Amino acid sequence: MNNPLINPGLGTFFWMLVSFGVLVFILGKWGWPMLLKALNKREKAIADSLNAAEKAREEMRQLTAHNEDLLREAKIQRDELLRNARLTSDKIIEDARIKATEEADRIVENARESINYEKLKAMHDLKNQIASLSIDIAEKLMKAELSDKQKADGIIHRELDEIHLN
């Protein structure tokens, strides 16, 4: 068991210790700072990426909230537009119904006036015809009655007496 790697001698141990010290010195002077600088740079990059991801997540949350607000506002505007359209439609229908009723009433009134006018005209014509027939009949009766002189004088005196009494 005299293996020099397992049981090194004092000289080997010294040179190994010196070699290790030189290695630690070189690494401490130039290696570790570069390694620590790279690690710090990587750590900073990771932290920046995490911060950027958090900012992006916050922006996404704000955009989502903003989009939800816009969507809610759009729905409210849509509902308001639909309500206004319904109200306008109802108003137009009501106005048309009122105009139609007024037009129908006007037409009925014109028809009534026309009927009354025609009725009065017919009554007037009828009265004129009756008056004309009555005059013709009275004239014929008077001729028949007044053909006799005594009868005619009696009728004239009787009519005069009645006129004085009234």
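All values reported here derive from a predicted model rather than from experimental measurement. (Residues numbered from 1 in each chain as written. Predicted model: local features only at pLDDT ≥ 70, side-chain atom pairs only at ≥ 80, totals over all residues. Heavy atoms only, no water.)

Caption draft 1: A look at the overall build of the protein chain. Of regular secondary structure, the protein chain possesses two helices and zero strands. In terms of overall size, the protein chain is more extended than a compact globule, its C-alpha atoms giving a radius of gyration of 65 Å where 166 residues would be expected to give roughly 15 Å. In the protein chain, which comprises 166 residues, the proportion classed as buried is 1%. Element-wise, carbon and sulfur atoms account for 64% of the exposed surface of the protein chain, whose accessible area totals about 15500 Å². Where the 26 positive side-chain charges of the protein chain centre and where its 28 negative ones centre are 16 Å apart. (Helix = DSSP H or I, 4+ residues; strand = E, 2+ residues; numbered from the N terminus. Rg over C-alpha atoms; globule rule 2.2 N^0.38 Å. Buried < 20%, exposed > 50% of the residue type's maximum accessible area, 1.4 Å probe, protein only. Areas by Shrake-Rupley, 256 points an atom, 1.4 Å probe, with all protein chains shown as cover. Lys, Arg positive; Asp, Glu negative; His and termini not counted. Charge placed at Lys NZ, Arg CZ, Asp CG, Glu CD.)

Caption draft 2: Structural view of a negative patch on the surface. A grouping of Glu102, Asp105, Glu109 and Glu113 is seen on the molecular surface, where their side chains present a negatively charged patch. Assignment of secondary structure puts Glu102 in helix α1 (residues 10-146). (Patch = residues over 30% accessible without salt bridge, like charges linked within 9 Å, V, L, I, M, F, W, Y side chains within 5 Å. Salt bridge = Lys/Arg side-chain N within 4 Å of Asp/Glu carboxyl O.)

Caption draft 3: Quick look at the pattern of salt bridges. Scanning the entire structure with this criterion turns up eight salt bridges. With a closest N to O distance of 3.3 Å, Lys91 and Asp95 form a salt bridge. Taken together, the residues Lys91 and Asp95, both in helix α1 and four residues apart, mark about one turn of the helix. Owing to a relative accessible area of 54%, Lys91 belongs among the exposed residues under this scheme. We classify Asp95 as partly exposed; its relative accessible area is 32%. For Glu103, the salt bridge is made with Arg106, and the minimal N-O distance between the two is 2.1 Å. Taken together, the residues span about one helical turn, with Glu103 and Arg106 both in helix α1 at a distance of three residues. The class for Glu103 is partly exposed, based on a relative accessible area of 35%. The class of Arg106 is partly exposed, set by a relative accessible area of 42%. A network of salt bridges, in which partner residues are shared, links Glu54, Arg57, Glu58 and Arg61.

Caption draft 4: Focus on the packing of aromatic side chains. Going through the model one piece at a time under the given rule, you end up with one aromatic pair. For the ring pair Phe14 and Trp15, a centre distance of 5.3 Å and an interplane angle of 70 degrees mean the geometry is edge-to-face. On the basis of relative accessible area, Phe14 is assigned to the partly exposed category, the value being 45%. (Phe/Tyr/Trp six-rings, centres within 6.5 Å; stacked < 30°, edge-to-face > 60°.)

It is worth stressing that arrangement in space is one thing and function is another; only the former is reported here.
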